[in-house]
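Fold and contact review
What follows is each chain in one-letter form.
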Amino acid sequence: MDPTTQSAQISSSQGLADGQNSAKESKLSVKDLISWRDPKKSGLVFGLSLLLLLSLAAFSFISVVSYLLLALLCVTITFRIYKCVVQAVQKSSDGHPFKTLIDKDVSIPPETFRKHVDSSLTHINRALKQMSRLFLVEDLVDSLKLAVVMWLFTYVGAVFNGITILILADILLFAVPPVYEKNKSQIDQYIDVIRTQVNTTMAKLQEKLPGAVKRSKTE
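As the structure is a prediction and not an experimental result, all values here were calculated from the model.

So, on to the packing of helix α2 (residues 39-58) against helix α3 (residues 61-90). With their axes 8 Å apart at the nearest point, α2 and α3 run at an angle of 130° to one another. Here α3 runs oblique to α2, going by the angle between their axes. Where α2 crosses over α3, the handedness of that crossing is right-handed. On α3, the residues touching Leu52, Ser55 and Leu56 of α2 are Phe61, Val64 and Leu68. Of the residues belonging to the contact of α2 with α3, the class tally is five nonpolar, one polar and no charged.

A few words now on the environment of Arg133. Position of Arg133 relative to the elements: it lies in helix α5 (residues 110-135). Counting along the chain gives 10 residues from Arg133 to Ser143, while the straight-line C-alpha distance between them is 8.3 Å.

Attention now goes to the UniProt feature "transmembrane region" (unreviewed entry) in the protein. According to UniProt, the positions carrying the feature "transmembrane region" (unreviewed entry) are residues 44-73 and 159-180. For residues 44-73, the helix share is 93%, the strand share is 0%, and the end-to-end C-alpha distance is 22 Å.

Moving on to the packing of aromatic side chains. Counting across every chain of the model gives six aromatic pairs. Residues Phe46 and Phe174 carry aromatic rings whose centres are separated by 5.1 Å and whose planes lie at 50° to one another, so their mutual orientation is tilted. Of this pair, Phe46 sits in helix α2 while Phe174 sits in helix α7 (residues 162-182), and the two are 128 residues apart along the sequence. Looking at Phe174, the relative accessible area reads 7%, which means it is buried. Ring centres of Phe59 and Tyr67 lie 6.4 Å apart, and the angle between their planes is 65°; on these two criteria the pair is classed as edge-to-face. One aromatic cluster in this structure is built from Trp36, Phe46 and Phe174.

Before going further, it helps to spend a moment on a nonpolar patch on the surface. Together, Val149, Met150, Phe153, Val156, Val159, Phe160, Ile165 and Leu168 make up a nonpolar patch on the protein surface, roughly 670 Å² of accessible area in all. If you list the elements that add at least two residues to the nonpolar patch, you get α6 (140-159) and α7. The element that contributes the greatest number of residues to the nonpolar patch is α6, accounting for five residues. Positionally, Met150 belongs in helix α6. Met150 sits in the partly exposed class, given a relative accessible area of 42%.

Next up on the list: the pattern of salt bridges. For the structure shown, the criterion picks out seven salt bridges. One salt bridge connects Lys184 with Asp188, and the closest N-O pair in it is separated by 3.1 Å. One end of the pair, Lys184, and the other, Asp188, are both in helix α8 (residues 184-208), four residues apart, so they sit about a helical turn from each other. Within this structure, Asp32, Arg37 and Glu181 form a network of salt bridges that share partners.

Attention now goes to the confidence of the model for the protein. Summing up the model confidence of the protein, the mean pLDDT is 82 and the portion of residues at 70 or higher is 82%. When mean pLDDT is taken per element in the protein, α5 scores highest with 93 and helix α1 (residues 3-34) scores lowest with 53. Between residues 2-13, whose pLDDT stays under 50, and residues either more than four places distant or in other chains, the model counts two contacts. Across residues 15-28, confidence stays below pLDDT 50; counting only partners more than four residues off in sequence or on other chains, it has zero contacts.

Note that Thr200 resides in helix α8. For Thr200, a relative accessible area of 37% gives the class partly exposed. Of the polar contacts made by the side chain of Thr200, one reaches the backbone oxygen of Thr196; its length is 2.8 Å.

Rules behind the numbers
- Residues numbered from 1 in each chain as written.
- Predicted model: local features only at pLDDT ≥ 70, side-chain atom pairs only at ≥ 80, totals over all residues.
- Heavy atoms only, no water.
- Axes fitted to C-alpha atoms, helices over the stretch in contact; angles between N-to-C directions.
- Helix = DSSP H or I, 4+ residues; strand = E, 2+ residues; numbered from the N terminus.
- Parallel < 35°, antiparallel > 145°, perpendicular 65-115°, else oblique.
- Left-handed = near helix turned anticlockwise from the far one by under 90°.
- Contact = heavy atoms within 4.5 Å.
- Nonpolar A, V, L, I, M, F, W, Y, C, P; charged D, E, K, R; others polar.
- UniProt positions renumbered as here; feature names shortened; annotations may be inferred.
- Phe/Tyr/Trp six-rings, centres within 6.5 Å; stacked < 30°, edge-to-face > 60°.
- Buried < 20%, exposed > 50% of the residue type's maximum accessible area, 1.4 Å probe, protein only.
- Patch = residues over 30% accessible without salt bridge, like charges linked within 9 Å, V, L, I, M, F, W, Y side chains within 5 Å.
- Areas by Shrake-Rupley, 256 points an atom, 1.4 Å probe, with all protein chains shown as cover.
- Salt bridge = Lys/Arg side-chain N within 4 Å of Asp/Glu carboxyl O.
- pLDDT = per-residue confidence, 0-100.
- Polar contact = N/O pair within 3.5 Å; in protein donor to acceptor, adjacent residues only side chain to side chain.

Shown next, in the form of C-alpha cells:
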C-alpha cells in the first residue's frame, strides 16, 4: 500500500475516533454536571438555573430577558469605554477589544441545521404516533395509565404552577443523583420490588379488561 494512502487512512481513523470520543464526552457532560463530578461547575450551573427560575417566578419572562440583556450590555459597554480610555492614555492602537469575537463566525452551517431538524422531526413523528396510539385506545391498559397520570396532574396543577414545578424539578435534578449513587444498591432493590408489583398488577388487569392488547413475554 502507498505510504501516503496509509498515513491518510490512519489520520482519518484517528479523526473518527477523536470525533466519537468527543461526542461521548459531550453526552456525558450533562450526567457529570448533575452527578457533581466537578462541584464548581455543577454549583455554578445549579445556582444560575435556580436563579433564573426564581427570577421568572417573581417577574415576567420579558422582564427577566430584558434585565439579562441590559446587564450584558452594561458590562460590554463599560469594558469598551474602559479600553478606549486606556488606549487614549497610553496612546496605543490595540484596536477594538472585542475584535476577535466580532470576526468569529457565528453562523450555523446548513448541514448542522438540517441534521438537527431531521433529528427533531424523528422525535416529533414518534411522539405523534405514540399520542395517536394512546388517544385512539389501541391498548386499553396504556390509555388507562395515561388517564390516571393526567388525573393526578390535575391535582398537581391545582397546588403548583408551572414555574414552581420547574424549580422543584431543578432542585431534584441536582439533588437525587448524588443520593442515588451513595445508596444505589438499596434503592435498586426497592425499585425492583415496586416494578415487579406494578408489572404483576398490570398483567392481571390486562387479562381482565376487554380490548387490551396481549403482550408477549419478550415485550
